[in-house]
Each structure stands twice: as structure tokens, then as C-alpha cells.
Amino acid sequence: MAILQILKGKVPEQIIELSGDRVIMGRHPNCEIVLDNVAVSRYHAQILESHGFFYLEDLHSRNGTLLNGAPIEGRTELHESDTISICDIQMQFLLNYQDHSDFLDSSIQQTMEVSNSSLKQEAHLLAIDENSEEGVLDGSSIISQLDLNTSSQLRISVKPEVKLHAVLEISQTLSRALKLDEVLPRILDGLFKIFAQADQGFIMLQSPERKKLVVKATKARRSEDEDAIRISTTIVRQAIMSGAAILSADAVEDDRFKMSESITSLRIRSMMCVPLISHGGDILGVIQIATRDIGQQFDKDDLDVLVAITQQASLAVENAKLHEDLVKQRDIERDLEFAHQIQLGLLPHSRPKFKEYEFFDYYESAQSVGGDYFDYIKLPNGKLVVTLGDVAGKGVPAAILMARLYASARFQVLSKPSADKALTELNTEIASSGVGLRFITFVIAVLDPKKHTVSLVNAGHMAPLLRKSAEGTVVPVAQEKSGMPLGVLKDQTFHVETITLEKGDTLVFYTDGVTEAMDQDNHLYHRDRLIKYIKSGPEEVEPLVKGILSDVDAFRQDSMQKDDICVVSFRRKK
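Thresholds, definitions, all that
- Residues numbered from 1 in each chain as written.
- Predicted model: local features only at pLDDT ≥ 70, side-chain atom pairs only at ≥ 80, totals over all residues.
- Heavy atoms only, no water.
- Helix = DSSP H or I, 4+ residues; strand = E, 2+ residues; numbered from the N terminus.
- Polar contact = N/O pair within 3.5 Å; in protein donor to acceptor, adjacent residues only side chain to side chain.
- pLDDT = per-residue confidence, 0-100.
- Contact = heavy atoms within 4.5 Å.
- Pairing = 2+ DSSP bridges.
- Axes fitted to C-alpha atoms, helices over the stretch in contact; angles between N-to-C directions.
- Buried < 20%, exposed > 50% of the residue type's maximum accessible area, 1.4 Å probe, protein only.
- Patch = residues over 30% accessible without salt bridge, like charges linked within 9 Å, V, L, I, M, F, W, Y side chains within 5 Å.
- Areas by Shrake-Rupley, 256 points an atom, 1.4 Å probe, with all protein chains shown as cover.
- Salt bridge = Lys/Arg side-chain N within 4 Å of Asp/Glu carboxyl O.

1. Comments concerning the side chain of Thr291
Part 1 of the reasoning: Of note, Thr291 is situated in strand β17 (residues 283–291).
Part 2 of the reasoning: A polar side-chain atom of Thr291 sits 2.9 Å from the main-chain carbonyl oxygen of Gln197.

Given below as C-alpha cells:
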């Protein structure tokens, strides 16, 4: 069994089993291993298993991942007793760990015995309650309506042994069901056991859009009636509109329903109809039980029992709906997590290596997936193309367009003779693709590491910032000749601006998630603050980029990250 053992962290010596093909470590609660440390990225690193071999991969985290003290790039194979360091957390990888904990701690056994004893005592107390004396009611006439909005009107004191037994039985049944398809039939099954005179019953629930009631479950005493249960909307409408439980000893003669032909045609003699009401007071639906036997009428005690059970049923229906919503949400989150991994897979796994240049980059989406993008593309002539783009919007739509941009940009860059022609063709493709009103800001930089020149072509993106080492200044480049964003105009041409990098000069590319970060008072971080930081920031690009991100975090304080952030920087060494 492969495991990670925490060497340094909040829970030293903790053993974490590595199960599945992929285990993600990070600050986000969706990660398989959640690392509670503000310096850890949301999705920081992952461990992959393939045919018995394990690999460690950094997920473009801000502070990197160390393996045996050295930073990793791309996927690196793990070996027995390797040490993984993520910020202040240290873990040891063990491939053949043997678990010897095959016994229970005595304190746990004692707790289990106490719990079982407590259960027995509670059952005894319930038995005592069942033998208690029957309460006294004011009046003896059968009630026809019971307001569910006032709990004090529920006369639980009437025949408590009947109510308690019924409520307990159906509560136990409902407590084991979490799916609506299981909950609703069990409710009717329980009611037919309690009310022997019931001939038919049904449950209707509000449709998701809350515009109409939909029959979700039916039950008939006689098998020949199973497929022929008909419903009187008169009674249902009365219960929904009044929000009250309705009892009619003889529905045919009841003054409230005498004008209803449906009741007569359905041969309903006695019935009870109770609305299902949520904890917040919303109508979830109705439960109705009816009998055709005039000699077996429902009475007020029956209504009290049904109301008490309906409250349990309302809770069960509400819980089942919450469970269904949770399952759907988990499915969505699982899909988004998979999409996040695919998107990270499109980004570069390693940084370019040139003798006279150093590179560093950072990417983090505001949501699970985002629309920012960057890439390194090596050309056959030895030059390097750096691309960076920002799709309008964020989330899934932007991420889908970003994935297309990744493939199209690579094709155009590798197939066209120059950066401006590549961007012109890319714009034509995006504008003709029918992506609606979405546009993309994009910048291409072609680095010639021999001549130390950079050719820039800009399509509406924030101008890259050039820090000139000798002069100590920071100036925007490729700004005056910038074209419109991709997808705005089908026919447009772009212009190349070429600069020379002297020793120590640094270029910084960024998306608007940096400059448009907001503090709690909705003030923008702004490009002026970014320029100020770059001007006085560290010379090397890794601490420079990390410093920019830290400065943005300090400015934002506790405000949420509202947009994707991407920063790419490279520098000619001195």
C-alpha cells in the first residue's frame, strides 16, 4: 500500500493512503489531500499512479513543490522514502507500507458499549411513554380543518400510543431512504399500514420550476385499482391554498365540495388531504388518503396522526431533495475538477531553458476553470514564441474557448512565417467561428536568444512591461501599434514591434486579473502600482513574479479573487 506520512505539519505522523489514479494536494476543499496553509495554492500538486509507478507533478503552484529538497518541473517519478515539501509541510512517500492496526483501542470499545447502552435506555424510555395515560381534549366533535402553520394546534395528546407508534414506525422507515423514488412509496406504504380503511392514496410534489403539482407516487388497496387512481383537484387546491390539513368524514355530503363533480365520480366518501410544508414554510406538495367505505370514515384522531406523520414526511422529502441536489452538485464539481486538470494539462509543464535567459510563470483561475492562457512554443530555427491571452468572461464558457485557442494558436504560429501573419490568421479563424460576442485579447512575443531581440504583436491586450536594467525604468511596449482583440473584426492586420533586450532587462506579461484586483472598498490595484513594484522589485524573475502576486494579495486583503490571474516573465541574465 502506497502512503504519504506527514513529517512536518499540523498533524505529524498522520498516514494518508494514496488510492486511485490521481491524488490532488492543495488548499481547495475538493482536493483529496487538503493542506490548510495560506501559502499553498488551491490546486498545488498531484500524485499520479500508472502500472504500479508513482509520479509527482506540480500544478503550476505559486510557491512550487520540492522533491528531496529540489524543485520539480513536469512529472517526476517517486521512489521509496522520498521527501515531498509543499511550503511548510513535509511528507514522506512510502511505497510498501504495512498497516498493523488490526485492533480497536479500549477507549473506543468503551464508547461503543456506552452508546449501545444508551440506545437500550432510550428504547426503554419510549416504552414508558407508550404506557402513559391518554390526555384530555376539549370537545368531541370531528374537526374538518387543521392549520399547519401553528404547531400548538397539533393535539399530540390524543391517543399518544397510536401517534407515537405511527410516527416512530414511519420515521424509522424514512430515515433509511435518501432518494425521492424510495421515500415517497415508503410514505404511502407506512400510511396504509396505519390506516386500514384507506382504499387509495397519492403524493403530489411541486415541479422544479414550482409552476404545477406533479403526481410522484400512488397506492391502492386493491390491485385492480393500481393503474386507475384518479385525483380530485378540488380537494388538493383547497389544501394548497389554505395551507391546512383537510378532513372530510363524508366528502360527497361536505358543503365545501358539493359542487365538485370529480368527488362524486371518484366515489370518495371520506378523505384526508395534508399539505407537505418545508421548514421554511414553502409548500412542497400534498398527501391525500381516501376511502370509499362510508362505514369506515376517518376521524379527527386519524387527521392528527396523519399531520404528525406528514411533518416527518416533509422532512424526508426535503432531505431527499437536498441529497439529490448535493449529488448533482458533486457531479458538477467532479466534472469541473476533471476540466481543471485538462486545462492545466494544456499549459506548459516546464519552462524554457536558455543559457542567457531565465523564465517564470504563474496561472490561477478565479473558478475551477478559467479563460486565461499562456504557452511556450519552440520554433525550428531556435527562436521561442511566448503567447498569452485572456478570453472575455470566466468559468466554463471561457475555458472551452481557451482550449480551442491553445490548439489554433499553436497551429498558426508553427505554420506561418511571422508573428503578425500568424495573429492575422488566428483572428480570422476566431471571428468566423461563431462564438458570439466573446473576444480574446492576445499577445505574441518571439524571442531570438542569439540576437537578443523580441518581436511583439499585440491584439488588444495590456501592454507588456519592459524593465530596463541600465536606466532603472519600466515602460510599456507594443502598446501604440496594438490591434483590436481577436474576434472583434474579421478583417484586420497586426503590426510587429521589435525591441532589443540588454543584459538585465526583464519583460513582464500579465492579464487583467492583476491590475483589476479589488480591495474591500472596490479600489483597483491598477497598472501604476504594478509598474512601481516591478521598478523596485527583485532582479530575478521568480522572486519578482512571486512578489507581484504577494503585493496583489496584500492589496486585496480578504476580498475574493474575481478574475483569472496569469503572469509570465523572462529576463536576459547579466
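2. Notes on the confidence of the model for the protein chain
Part 1 of the reasoning: On average, the protein chain scores 80 in pLDDT, and the residues at 70 or more come to 80%.
Part 2 of the reasoning: With pLDDT under 50 throughout, residues 150–158 is counted as low confidence; its partners more than four residues away or in other chains account for 20 contacts.
Part 3 of the reasoning: This stretch, residues 257–265, has a pLDDT under 50; its non-local contacts, to residues over four places away or in other chains, come to 20 contacts.

3. Comments concerning the sheet that holds strand β19 (residues 372–378)
Part 1 of the reasoning: Taking strand neighbours across the sheet as the criterion, the 5 strands line up as β19-β20-β21-β22-β25 in an open arrangement whose pairing is antiparallel. Because the sheet does not close on itself, it has two edges, and the strands there are β19 and β25 (497–500). Each strand of the sheet is rotated relative to its neighbour by a mean of 15°, with strand direction disregarded.
Part 2 of the reasoning: Two strands pair when backbone bridges link them, and strand β22 (residues 453–459) and β25 are joined in this way by 4 bridges, in the antiparallel orientation. Across the sheet, Val454 pairs through a bridge with Ile499, a residue of β25.

4. Here we look at the environment of His452
Part 1 of the reasoning: Position of His452 relative to the elements: it lies in the loop between β21 (440–448) and β22.
Part 2 of the reasoning: Since its relative accessible area comes to 10%, His452 is described here as buried.
Part 3 of the reasoning: Separated by 49 residues in sequence, His452 and Leu501 place their C-alpha atoms 5.6 Å apart.
Part 4 of the reasoning: Leaving out residues up to four positions away in the same chain, His452 has contacts with Glu356, Tyr357, Ile499, Thr500, Leu501 and Arg572.
Part 5 of the reasoning: Here the side chain of His452 touches Tyr357 through a polar contact of 2.8 Å, side chain to side chain.

5. Quick look at a nonpolar patch on the surface
Part 1 of the reasoning: A surface patch of nonpolar side chains, amounting to about 330 Å² of accessible area, comprises Phe439, Met484, Val488 and Leu489.
Part 2 of the reasoning: Tracing the sequence through the fold places Met484 in the loop between β24 (473–476) and β25.
Part 3 of the reasoning: Using a relative accessible area of 40% as the deciding quantity, one classes Met484 as partly exposed.

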